[in-house]
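Given next are the chains, with one letter for each unit.
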Amino acid sequence: GEDVEQSLFLSVREGDSSVINCTYTDSSSTYLYWYKQEPGAGLQLLTYIFSNMDMKQDQRLTVLLNKKDKHLSLRIADTQTGDSAIYFCAESPNSGYSTLTFGKGTMLLVSP
Amino acid sequence: DTEVTQTPKHLVMGMTNKKSLKCEQHMGHRAMYWYKQKAKKPPELMFVYSYEKLSINESVPSRFSPECPNSSLLNLHLHALQPEDSALYLCASSQEVVLGGEGVTQFFGPGTRLTVL
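Residues numbered from 1 in each chain as written. Chains lettered and ligands numbered in written order. Predicted model: local features only at pLDDT ≥ 70, side-chain atom pairs only at ≥ 80, totals over all residues. Heavy atoms only, no water.

> Help me understand the nonpolar core, please; the structure alone is not making it clear to me.
A general trend in soluble globular proteins is that nonpolar side chains are found buried together. Counting 23 residues, the largest nonpolar core has B:Trp34, B:Phe64, B:Leu76 and B:Leu78 as its most contacted members. Of all the elements in the fold, those that place two or more residues in this core are β2 (10-13), β3 (18-25), β4 (31-37), β5 (44-50), β7 (64-70), β8 (73-79), β9 (87-94) and β11 (112-116) of chain B. Apart from residues lying up to four places away in sequence, B:Leu78 is in contact with B:Leu11, B:Met13, B:Asn17, B:Lys18, B:Lys19, B:Leu21, B:Arg63, B:Phe64 and B:Leu114. If you look at the next biggest cluster of nonpolar residues, it comprises 21 residues, including A:Tyr35, A:Leu43, A:Phe88 and A:Leu100. (Core = buried A, V, L, I, M, F, W, Y, C linked by side-chain atoms within 4.5 Å. Buried < 20%, exposed > 50% of the residue type's maximum accessible area, 1.4 Å probe, protein only. Helix = DSSP H or I, 4+ residues; strand = E, 2+ residues; numbered from the N terminus. Contact = heavy atoms within 4.5 Å.)

> How should the sheet that holds β8(B) be read in this particular structure?
Across a sheet, strands are paired by hydrogen bonds formed along the backbone, either parallel or antiparallel in direction. Residues and elements named next belong to chain B. Pairing within the open sheet is antiparallel, and its 4 strands lie in the order β1-β3-β8-β7. Both edges of this open sheet fall to β1 (4-7) and β7, since each of them pairs with a single strand only. In this sheet, neighbouring strand axes are inclined to one another by 20 degrees on average, regardless of whether the strands run parallel or antiparallel. Relative to β8, β3 runs antiparallel, the two being bridged by 7 bridges. When the sheet's bridge partners are listed, Lys18 is paired in β8 with His79. (Pairing = 2+ DSSP bridges. Axes fitted to C-alpha atoms, helices over the stretch in contact; angles between N-to-C directions.)

Note that all results are geometric; they support no functional claim without further evidence.
Laid out in structure tokens, this is it:
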């Protein structure tokens, strides 16, 4: 079945880079997503990558996809205190309806 | 405009009350979703509407009743809820729900924080 795994917690200092990792099991996934959730808020779509790509960059965000290892990472450059939030990795399968399978979320804590 | 709006922001209700959650999008999306999210957990899919028809019901108890009056609106009617139904209820939308490129990307609303007493 489908499964998405993430480490639960990451702590970094302001100005450092953050790398949040995710592994998934469904090799037929078409799109892989990163969502950010601040306390008490909804999910904000940060970025996504199509499964035939290796990398996608968008300002401070870099997504790397290793399809062979089924490993996805999100790098945030120059991390700011406003980046403190829970980050969810999600995959969209390649069959039937495109429902999302979420990881449990990684809590990123940025200290000054 | 990539905004999904939800009302109310907070809702407190008793177990005998009837209330409704509302969701609206004006992006021309044809798929809309309800999720339930408990604290420190990922969202769990409840319902999916595609072209105003219910496509997926993830075995949700009948005390939750979804409704899609038109392509921009999605309601969730609540009746005889239990305290364990207290959660953040999230609405999302996407251009399509069946696989077909970037159109399946889901955009989420801010959620309704529901407390059942």
